[in-house]
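The primary structure of each chain is shown beneath.
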Amino acid sequence: MEYRLLGRSGLKVSALSMGTATFGRADPKTSPMFFNGVKEAQRHVDLCLDAGITLFDTANAYGGGDTEEILGEALGNRRASVLIGSKVRFPMGSGPNDRGLSRHHIMNQCEASLRRLKTDWIDLYQFHQWDGLTPIEESMEALERLVAAGKIRYVGVSNFSAWHVMMALGVATLHDWPRFVFQQIHYTLFSREAEQELVPLSLSEGLGILVWGPLAGGLLSGKYGRGMTGPAGSRHVIGFKEPPVHDEDRLFRIVDELKAIAAGKGVTPSQVAIAWTLGRPAVSSIIIGGRTDEQFKENLKAIDVKLEPEERARLDKVSLLPLAYPYWHQALTASDRMSAADLTLLGPHLET
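If you're wondering where the values come from, they're calculated on a predicted model, not measured in any experiment. (Residues numbered from 1 in each chain as written. Predicted model: local features only at pLDDT ≥ 70, side-chain atom pairs only at ≥ 80, totals over all residues. Heavy atoms only, no water.)

K.L.:
How would you explain helix α6 (residues 198-205) if you had to name every residue and give the values?
P.N.:
For α6, the buried fraction is high: six of the eight residues fall into the buried class. Residues of α6 that are buried: Leu 198, Val 199, Pro 200, Leu 201, Ser 202 and Glu 205. Packed against the buried residues of α6 are α5 (162-175), β8 (182-186), β9 (208-212) and α12 (340-351). Looking one or two residues beyond α6, the residue adopting positive phi is Gly 206, at roughly 75°. (Buried < 20%, exposed > 50% of the residue type's maximum accessible area, 1.4 Å probe, protein only. Helix = DSSP H or I, 4+ residues; strand = E, 2+ residues; numbered from the N terminus. Contact = heavy atoms within 4.5 Å.)

K.L.:
Let's hear about the packing of helix α4 (residues 136-148) against α5: which residues, and what values?
P.N.:
Relative orientation of the contacting elements α4 and α5 amounts to 60°, with a least axis distance of 10 Å. Taken as axis vectors, α4 and α5 run oblique relative to one another. The crossing of α4 and α5 is right-handed. Facing α4, whose interface residues are Ile 136, Glu 137 and Met 140, α5 presents Met 167, Ala 168, Val 171 and Ala 172. A class-by-class count of the residues in the contact of α4 with α5 yields six nonpolar, no polar and one charged. (Axes fitted to C-alpha atoms, helices over the stretch in contact; angles between N-to-C directions. Parallel < 35°, antiparallel > 145°, perpendicular 65-115°, else oblique. Left-handed = near helix turned anticlockwise from the far one by under 90°. Nonpolar A, V, L, I, M, F, W, Y, C, P; charged D, E, K, R; others polar.)

K.L.:
Account for the sheet that holds strand β4 (residues 55-57), naming residues and giving values.
P.N.:
Around the barrel, eight strands lie side by side as β3-β4-β5-β6-β7-β8-β9-β10; this closed barrel has parallel pairing. The mean angle between the axes of side-by-side strands here comes to 30°, regardless of whether they run parallel or antiparallel. For strand β5 (residues 83-88) and strand β6 (residues 122-127), the ladder comprises four bridges, and the chain directions are parallel. Note that in β6 the partner of Ser 86 across the bridge is Tyr 125. (Pairing = 2+ DSSP bridges.)

Rendered as structure tokens:
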């Protein structure tokens, strides 16, 4: 396993992390997530620990809290030797204050997560989504209180827009509160929108990137065919919408290239897709998951896949998105004064 620094912090995380969105007590016949109980979870945790994974990602809302409980039980007395990341924002009840990023909800839910995880601290605590009704000062001050109390150690954010992240960073700097050291984002060969602002922001502000959904909900695994056909019960066959597919033709051009490269290297399309993302700027760790032992074992082997520059170029070309405004204008008129952060997006377009 490879270990990488998390942004500008001194904390190292495994380049592959374990996602726990399969842990829960839901019916696997009707739910694409939250269905593996303690026995399966322990087996999958053991597989990941044996492979050198040190970071386990979860959230308070996963499985209505069941996922955190199962992870805490599956880790048992090994908790002190690993890192746990959890999140707060989504509904955890029917009351008017049972959601969002108010001080009330953050403090209550952190305590609840600690109980479910059977731990005294959470290593990486994240806002799970934006809350436009709560002043960002209130949310960031709640994190400061939790850090000062020793209940959380590093703070981050997931699924924010770039201007949301910058506003939070500005408030933290102004008040000398803990700044985000990472953001968890969706970033794949198919979904490269994060390159427009979130990736450059990470480089500019020193945020590590944790990637969720590196196979686009299985779309990049090679198991789906044109017309969105796939195995019975698989996510997108039963209507899963993360990520949305707006351009099916582009998706399968990417999948065809993945399959071709995978065949030439004797690996799987999933492993090639994960390897591509591991090589992108600012990426600290890829969160992998799996319904079965075999899926975990396959994804864990992605750490050993090394893509040649020519292979990366092929994948870059087939997946490149057109520039939106103001980026096409910057490419046309401002290429003489580009920073490294600018070039993560604009560089490939300037070359063409």
